[in-house]
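Remarks on the overall topology
Chain by chain, the residues run as shown.
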Amino acid sequence: MMRSIPRVNLQHFSAGRPEEQQAFVEHFGQGLMDFGFVSLTGHGIDRAVSRRAYDAAAAFFELPDALKSNYEFRQIGRQRGYTPMGKERAKDYALSDLKEFWHTGGEGMPNLPQNIWPTEVAAF
């Protein structure tokens, strides 16, 4: 049976009635449990902005591994910057994830590392 990625509309939470908000939370949570992510609509982010973000991310991940590894910071548990493929795994799971990723967080958050930005991709 083929299932589709859960789609949730942020407006149901931010501007919805209490029962819509509750349904949003339940659907969102179930999507995370079943798939690990959801498709979020109704967020108000212009498509051109997200396209530029995807293009910048693609440009970074196309860089040679040796260059990307300059942004891997093991000393902070890879909480910011680059994490190469095979370095992370889900809790209580023996096999590593087959992904590489870039980790950021809120700016100016107390007790958390500062964000790191690659110089090779100005738009990043």
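Here goes a summary of the coordinates provided. What you see is a predicted model, and the numbers here were worked out from it, not measured in a lab. The numbers attached to residues start from 1 for each chain and follow its sequence in the written order. Residue-level local features of this predicted model are given only where pLDDT is at least 70; pairs of side-chain atoms are given and counted only at 80 or more, and the full residue set underlies all totals for whole chains, interfaces and linings. Only hydrogens and water are set aside when side-chain values are computed; all heavy atoms of the structure are taken into account.

1. Some points on the pattern of salt bridges
The salt bridge definition used is simple: a Lys or Arg side-chain nitrogen within 4 Å of an Asp or Glu carboxyl oxygen. Tallying each qualifying case throughout the model produces 10 salt bridges. For R17, the salt bridge identified is with E20, shortest N-O distance 3.6 Å. Overall, R17 belongs to the partly exposed group, its relative accessible area being 48%. Between buried and exposed lies partly exposed: a residue is buried under 20% and exposed over 50% of the maximum accessible area for its type, with that area taken using a 1.4 Å probe on protein chains only. Overall, E20 belongs to the partly exposed group, its relative accessible area being 25%. Residues joined by salt bridges that share partners form a network here, namely R17, E19 and E20.

2. Thoughts on the side chain of N115
Secondary structure elements are defined from DSSP: runs of H or I of at least 4 residues count as helices, runs of E of at least 2 residues count as strands, and each element is numbered from the N terminus. Within the secondary structure, N115 sits in the segment after β4 (101-103). Here a polar contact is taken to be a pair of N or O atoms separated by no more than 3.5 Å, where protein atoms must pair a possible hydrogen donor with a possible acceptor and residues adjacent in sequence count only if both atoms sit in side chains. Of note is the side chain of N115, whose polar atom sits 2.7 Å from the backbone oxygen of G105. Pairs of residues are marked as contacts when any of their non-hydrogen atoms sit within 4.5 Å. Dropping the residues within four chain positions of it, N115 is found in contact with R80, T104, G105, G106 and E107.

3. Comments concerning helix α3 (residues 47-61)
Here α3 is 15 residues long and its end C-alpha atoms lie 21 Å apart, about the 21 Å a rise of 1.5 Å per residue gives. Among the residues making up α3, those that are buried are S50, A56 and F60. Taken end-on, α3 shows its buried residues confined to a sector of 120°, consistent with a single buried face. Looking at α3, the residues exposed on the side facing more than 90 degrees away from the buried face are R47 and Y54. On its buried side, α3 packs onto α4 (65-68), β3 (81-83) and β4. Sitting at the head of α3, D46 places a side-chain oxygen 2.8 Å from the backbone nitrogen of A48. Expected helix span is given by 1.5 Å per residue-to-residue step, counting one fewer step than there are residues. Working note: the arc is built from the helix axis to C-beta atom directions.

4. A short note on the packing of aromatic side chains
How two aromatic rings sit relative to each other is given by the distance of their centres and the angle of their planes. Put simply, two rings from Phe, Tyr or Trp (the six-membered ring, in Trp's case) pair if the centres are within 6.5 Å, and we call them stacked under 30 degrees between planes, edge-to-face over 60, tilted for the rest. Per the counting criterion, the structure on display carries 11 aromatic pairs. With a centroid separation of 5.6 Å and an interplanar angle of 45°, the aromatic rings of F60 and F124 are classed as tilted. You can see F60 sitting in helix α3 and its partner F124 sitting in the segment after β4, a full 64 residues away along the chain. A relative accessible area of 0% places F60 in the buried class.

5. Concerning the nonpolar core
Counting residues in each nonpolar core, the largest one holds 8 residues, listed as A56, F60, L63, Y71, Y82, W102, I116 and V121. Ignoring sequence-local partners within four residues, the contact set of Y82 consists of F60, F61, D65, K68, S69, Y71, E72, F73, E100, F101 and W102. Buried Ala, Val, Leu, Ile, Met, Phe, Trp, Tyr and Cys residues form a nonpolar core when they are joined through side-chain atoms within 4.5 Å.

6. Quick word on the environment of Q114
When you line up the elements, Q114 lands in the segment after β4. On a C-alpha basis, the gap between Q114 and V49 in space is 23 Å, while along the polypeptide they are 65 residues apart. Here Q114 is in contact with R80 and G108, once residues within four sequence places are set aside.

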